[in-house]
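Here are the chains, one letter per residue:
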Amino acid sequence: MGPSAVGDDDGLFDGAEPSPWEDTDEDGLINIRDTNSNDDNFDDDEQVWVVFRTNAVEGDYSGSGVSVGLIAPSANPYYPEVYDYQASVALYTWDSTVTSATGAGQIYNPYGPNGDERPPVPLTTPEGYAVLQKEEGSSVYDIYLQLGPTQYERFVKDSNAPGDWSESNRSQQAFLKNHQETYDGRVALDMDPDFDGISTIAEDLCNLNPDSNDTDSWTRCIAWGDGRSAGPRWLSSERGFISM
Ligand SMILES: [Ca+2]
Ligand SMILES: [Ca+2]
Ligand SMILES: [Ca+2]
Ligand SMILES: [Ca+2]
């Protein structure tokens, strides 16, 4: 890789940078130039996961030897251990083209701790095709890609990895450059990645841990002065201070 591939040297290929032109943490660097777009303890490349990978060429998903890699029934980036791309877990091989997918449903990936999840997002291919699943047995799923109103490509569980299979749950340049991966970068853009209700900007100001909600409480954080006027201030849950 060269400088043109990784504009901010965070190890994340630019094509995998989430919301590249925004400045999520308002530090003056747009995300594609910012190694740590949400200003917490982890660079972007540690907070973006592959959620779909395929060896299909230019979106042609039908044919023997075509495979897809994904986590069924869903993946939650709050629990990154779910992103297990061993073939035995994540590999599905093309089986047939069918006109309907009765009983199959769109895959939605949640995000957040149990009981406090943010709205889930639908899983799609790099081309934007919906990715559906149908439970065929205990924890056994068929995968359907919806290419049209009456065109679905059906994939079945397999563990016999093809030669170009990658077990990595991070962006791989060989697949990225061919538009064969989709990503979940919600954590990299989250200004409250520990779900404790305090923005990372506020946590950093108060020397709290933006990636841990186990010891923080907004009532624990009192800052003396905000640089403009003296006196005790409660840290607000957003950004800045509230006078006592
Ligand atoms: Ca920034
Ligand atoms: Ca980060
Ligand atoms: Ca927080
Ligand atoms: Ca915290």
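Predicted model only: the values in this text are computed from it and were never measured.

Let us look at the overall build of the chain. Helix and strand counts for the chain stand at three helices and 13 strands. Across the 244 residues of the chain, 36% fall into the buried class. Within the chain, residue pairs in contact and separated by at least 24 positions form 57% of the contacts whose partners lie at least 6 positions apart.

A word on the pairing of strand β6 (residues 118–122). Looking at chain direction, strand β5 (residues 108–111) and β6 are connected through three bridges and run antiparallel. Counterpart to Y108 in the pairing with β6 is P122. Linking two consecutive strands that pair antiparallel, namely β5 and β6, is a turn of six residues; a positive phi of about 130 degrees is found at G112 within it.

Right, let's get into the environment of L70. Structurally, the position occupied by L70 is in the loop between β2 (67–69) and α1 (87–90). C-alpha separation for the pair L70 and T182, spaced 112 residues apart in sequence, amounts to 9.9 Å. Every residue in contact with L70, bar those within four places of it in the chain, is listed here: V51, F52, A90, L123, V131 and I143.

Another point: the nonpolar core. In this structure, V51, L70, V131, I143 and Y144 are the most contacted members of the largest nonpolar core, which totals 36 residues. Of all elements in the fold, only β1 (49–54), β3 (91–98), β7 (130–137), β8 (140–148) and β9 (151–157) reach the threshold of two or more residues within this core. Not counting chain neighbours up to four residues away, the residues in contact with V51 comprise L70, A75, N109, L123, T182, Y183 and D184.

Across two bridges, strand β4 (residues 105–106) lies against β7 in antiparallel orientation. The residue of β7 that forms the bridge with Q106 is L132. Two strands pair when backbone bridges link them, and β7 and β8 are joined in this way by seven bridges, in the antiparallel orientation. In the sheet register, Q133 faces β8, and the bridge partner there is I143.

With that out of the way, let us pick up the sheet that holds β3. Read from one edge of the open sheet, eight strands run β4-β7-β8-β9-β3-β2-β1-β10, paired in antiparallel fashion. One side of each edge strand has no neighbouring strand; the edge strands of this open sheet are β4 and β10 (181–184). Of the strand pairs in this sheet, β1 and β2 are connected by two bridges, and their pairing is antiparallel. Of the residues in β2, the one forming a bridge with T54 is V68.

Moving on, we get to the environment of N209. The topology assignment puts N209 in the loop between α3 (200–205) and β11 (222–224). The spatial distance from the C-alpha of N209 to the C-alpha of D40 is 8.2 Å, given a sequence separation of 169 residues.

Residue A72 is joined to P73 through a cis peptide bond whose omega torsion reads 10 degrees. The phi torsion at S19 lies on the positive side, around 40 degrees, for a residue other than glycine. Locating S19 in the fold gives a position in the segment before β1. Despite not being glycine, S139 shows a phi value in the positive range, around 60 degrees. Relative to the elements of secondary structure, S139 occurs in the loop between β7 and β8.

As a further point, take the environment of L123. Its location among the elements puts L123 in the loop between β6 and β7. Between the C-alpha atom of L123 and that of D184, which follows or precedes it by 61 residues, the distance is 9.3 Å. Beyond its immediate sequence surroundings of up to four residues, L123 is in contact with V51, F52, L70, I107, N109 and V131.

A few words now on the confidence of the model for the chain. Of the residues in the chain, 85% reach a pLDDT of 70 or more, and the chain-wide mean stands at 87. Below a pLDDT of 50 lies the segment residues 223–233, which in the model reaches 16 contacts outside its immediate sequence neighbourhood of four places, other chains included. Segment residues 236–240 is flagged for pLDDT under 50; beyond a separation of four residues in sequence, or across chains, it makes 13 contacts in the model.

Criteria and cut-off values
Residues numbered from 1 in each chain as written. Chains lettered and ligands numbered in written order. Predicted model: local features only at pLDDT ≥ 70, side-chain atom pairs only at ≥ 80, totals over all residues. Helix = DSSP H or I, 4+ residues; strand = E, 2+ residues; numbered from the N terminus. Buried ≥ 20, exposed ≤ 12 C-beta atoms within 10 Å, placed from the backbone. Contact = placed C-beta atoms within 7 Å. Pairing = 2+ DSSP bridges. Core = buried A, V, L, I, M, F, W, Y, C linked by C-beta atoms within 7 Å. pLDDT = per-residue confidence, 0-100.

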